[in-house]
Amino acid sequence: MSEDNIQTVKVLSKTTWTPNLFSFTVTRPDSFKFTAGQFVRLGVNPSKLQYYKQQDKAPSQITDAAPDEDIYRAYSIVSSPFDEVLEFFSIVIPDGAFTSQLQHLQVGDELLLNTMPFGFLTLARYQKPLPEDLWLLATGTGLAPFLSMLQDLQTWQDYEHIVLAYSARSKEELAYVEQIKQLQDDFGTLVDNPARLIFVPIVTREPMEGALSERLPQLLLNGELEKRAGIKLDNDSAHVMLCGNPEMVEDTKETLKELGFVMNRRGEGNIAVENYW
């Protein structure tokens with residue numbers, strides 16, 4: 001990783017959704033540009049976090065718990081390409097070298113940002129079929145790139161319908177729901193003839209009023225996702241994007257292929273996925 005691309009950014013805010021899910025915003029370098037759907041590499045040096053500099057921690061605890069090294073992981077960007085700040089959505093992996101430290105973030109902490117964006121989970125990859133219906137299928141923090149796309153006015157201009165199907169294990173883990181409900185008003189109203197956003201929440205491990213309850217592959221096979229969306233998932237007109245845990249991505253991709261959809265290659269095809277972890 002070239003050090004020429006590394007810049008220091010400062011944590012501006014932090015939102016805790018559940019004990020294992022949180023989001024945060026950081027300053028955005030003036031020269032940093034990205035396309036909605038892309039990801040970056042974020043770095044943290046645990047020894048420099050304020051959490052470990054608190055006076056009630058003994059030096060031996062700090063040495064054991066906070067390695068003095070830069071640790072990097074890939075993170076999709078939640079915010080719009082035009083926002084003045086950068087937002088990220090994270091899960092806490094208890095034994096993870098990165099997220100077990102990142103969960104201790106406080107406002108004012110500094111992180112490292114590799115300003116070279118990565119990834120091809122972008123709407124520009126689609127050439128055929130032409131834009132008509134966009135299906136965004138996410139689990140967990142895989143929601144992040146789709147939120148970025150839905151804050152880009154071009155997305156609202158290019159499609160007739162946008163279906164956001166967002167799956168979590170529990171209703172508490174359905175983050176950003178209130179923001180999702182505002183997207184049509186906040187962004188759709190800024191363009192002529194905007195797409196209609198259809199939000200389909202899915203909770204798989206407990207009942208939730210208004211939410212579907214089965215895994216995405218099953219909802220595709222039994223037609224429940226189409227039924228709830230109120231439009232047909234048509235391989236002649238649909239662009240389908242998948243992001244989330246690797247098992248969901250793989251199973252849903254194979255299900256879509258069984259239904260006659262094809263992977264997007266060289267601009268043609270329906271299915272696009274991101275595999276960065």
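Residues numbered from 1 in each chain as written. Predicted model: local features only at pLDDT ≥ 70, side-chain atom pairs only at ≥ 80, totals over all residues. Heavy atoms only, no water.

### Focus on the pairing of strand 1 (residues 6-18)
Relative to strand 6 (residues 110-118), strand 1 runs antiparallel, the two being bridged by 5 bridges. In the sheet register, Val9 faces strand 6, and the bridge partner there is Leu111. As paired strands, strand 1 and strand 2 (residues 21-27) are joined by 6 bridges and run antiparallel to one another. The partner of Thr18 across the bridge, within strand 2, is Leu21. (Pairing = 2+ DSSP bridges. Helix = DSSP H or I, 4+ residues; strand = E, 2+ residues; numbered from the N terminus.)

### A look at the sheet that holds strand 3 (residues 39-44)
Pairing is antiparallel across the open sheet formed by 6 strands, whose spatial order is 4-3-6-1-2-5. Unpaired on one side and paired on the other, strand 4 (71-76) and strand 5 (85-91) mark the two borders of the sheet. Taken pair by pair, the neighbouring strands of this sheet meet at an average axis angle of 40 degrees, ignoring direction. Pairing geometry for strand 3 and strand 6, over 4 bridges, is antiparallel. Each residue of the ladder has a partner; that of Phe39, found in strand 6, is Phe118. (Axes fitted to C-alpha atoms, helices over the stretch in contact; angles between N-to-C directions.)

### Some words on a negative patch on the surface
Taken together, the side chains of Glu3, Asp4, Asp68, Glu69 and Asp70 make up a negatively charged region of the molecular surface. Tracing the backbone shows Asp70 in the loop between helix 1 (59-65) and strand 4. Under the relative-accessibility criterion, Asp70 is labelled partly exposed at 43%. (Patch = residues over 30% accessible without salt bridge, like charges linked within 9 Å, V, L, I, M, F, W, Y side chains within 5 Å. Areas by Shrake-Rupley, 256 points an atom, 1.4 Å probe, with all protein chains shown as cover. Salt bridge = Lys/Arg side-chain N within 4 Å of Asp/Glu carboxyl O. Lys, Arg positive; Asp, Glu negative; His and termini not counted. Charge placed at Lys NZ, Arg CZ, Asp CG, Glu CD. Buried < 20%, exposed > 50% of the residue type's maximum accessible area, 1.4 Å probe, protein only.)

### Let's talk about the nonpolar core
Counting 37 residues, the largest nonpolar core has Leu136, Phe146 and Met241 as its most contacted members. When residues of this core are traced back to their parent elements, those giving at least two are strand 7 (133-139), helix 3 (144-149), strand 8 (161-168), helix 5 (177-186), strand 9 (196-203) and strand 10 (238-243). If you look at the next biggest cluster of nonpolar residues, it comprises 25 residues, including Ile198, Leu212, Leu219 and Phe261. (Core = buried A, V, L, I, M, F, W, Y, C linked by side-chain atoms within 4.5 Å.)

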